[in-house]
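For reference, the chains in residue letters:
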Amino acid sequence: MPKVEFLDENKTLARWTFANSHFATQRAQFRYWCGWFGFDPDDQPHEVVGNAWLVRKHR
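Everything numeric here is computed off the predicted structure, so don't read it as measured data.

**Some remarks on the pairing of strand β1 (residues 3–6)**
Okay, step 1: With four bridges connecting them, β1 and strand β2 (residues 13–17) associate as antiparallel partners. Residue pairing across strands places E5 opposite R15, the latter belonging to β2.
Okay, step 2: Adjacent in sequence and paired antiparallel, β1 and β2 are bridged by six residues, among which K11 carries a positive phi angle near 55°.

Below, the structure is given as structure tokens:
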């Protein structure tokens, strides 16, 4: 399970930290867990650095 930290009080921007830096594995984990954290599978990271993604909700 990735570690998800919300970076604003409205919970629209989050840092997702994954156990590894393999993008395909990260994408699969994001799709699996996104609903649990209030994200949509169509939300895309706007920054990827190693094993961390910054993702903003688009709704």
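**Re helix α1 (residues 23–33)**
Okay, step 1: Regarding α1, the residues found buried are Q26, R27 and F30. Taken down its axis, α1 places every buried residue within 100° of arc, on the same side.
Okay, step 2: For α1, the secondary structure elements touched by its buried residues are β2, β3 (45–49) and β4 (52–56).

**Re the pattern of salt bridges**
Okay, step 1: Counted according to the given criterion, the structure contains one salt bridge.
Okay, step 2: Among the ionic pairs, R15 bridges to E5, the shortest N-O distance being 3.4 Å. Separated by 10 residues along the polypeptide, R15 in strand β2 and E5 in strand β1 bring together distant segments of the chain.

**A short note on the sheet that holds β2**
Backbone hydrogen bonds hold the strands of a sheet together, and the pairing may be parallel or antiparallel.
Okay, step 1: One open sheet accounts for four strands, arranged β1-β2-β4-β3; its pairing is antiparallel. Unpaired on one side and paired on the other, β1 and β3 mark the two borders of the sheet. Geometrically, the sheet is characterised by an average inter-axis angle of 20° between neighbouring strands, direction not taken into account.
Okay, step 2: Bridge count for β3 against β4 is four bridges, and the pairing is antiparallel. By the bridge assignment, E47 is partnered in β4 with L54.
Okay, step 3: Across the sheet, α1 is in contact with β2, β3 and β4; its angle to β4 comes to roughly 40°.

Quick notes on the rules
- All residue numbers refer to positions counted from 1 along the written sequence of the respective chain.
- Per-residue local features of the predicted model are confined to residues with pLDDT of at least 70, and side-chain atom pairs are confined, for both listing and counting, to 80 or more; whole-chain, interface and lining totals are unaffected and use all residues.
- Side-chain calculation: all heavy atoms of the structure are included, whereas hydrogens and water are not.
- Only strands joined by at least two bridges in the DSSP assignment are considered to pair.
- Think of it this way: any DSSP run of H or I at least four residues long counts as a helix, any run of E at least two long counts as a strand, and we number them from the N terminus.
- Residue exposure (1.4 Å probe, protein chains only): buried if accessible area is under 20% of the type maximum, exposed if over 50%, otherwise partly exposed.
- Arc definition: directions from the helix axis to the C-beta atoms.
- Contact between two residues is taken to exist if any of their heavy atoms lie within 4.5 Å; hydrogens are not considered.
- In what follows, salt bridge is the name for a side-chain nitrogen of Lys or Arg lying within 4 Å of a carboxyl oxygen of Asp or Glu.
- Angles here are taken between N-to-C directions and fall from 0 to 180 degrees, while the axes themselves are lines fitted to C-alpha atoms, restricted in helices to the stretch in contact.

Keep in mind that these numbers describe shape and distance, not what the molecule does.
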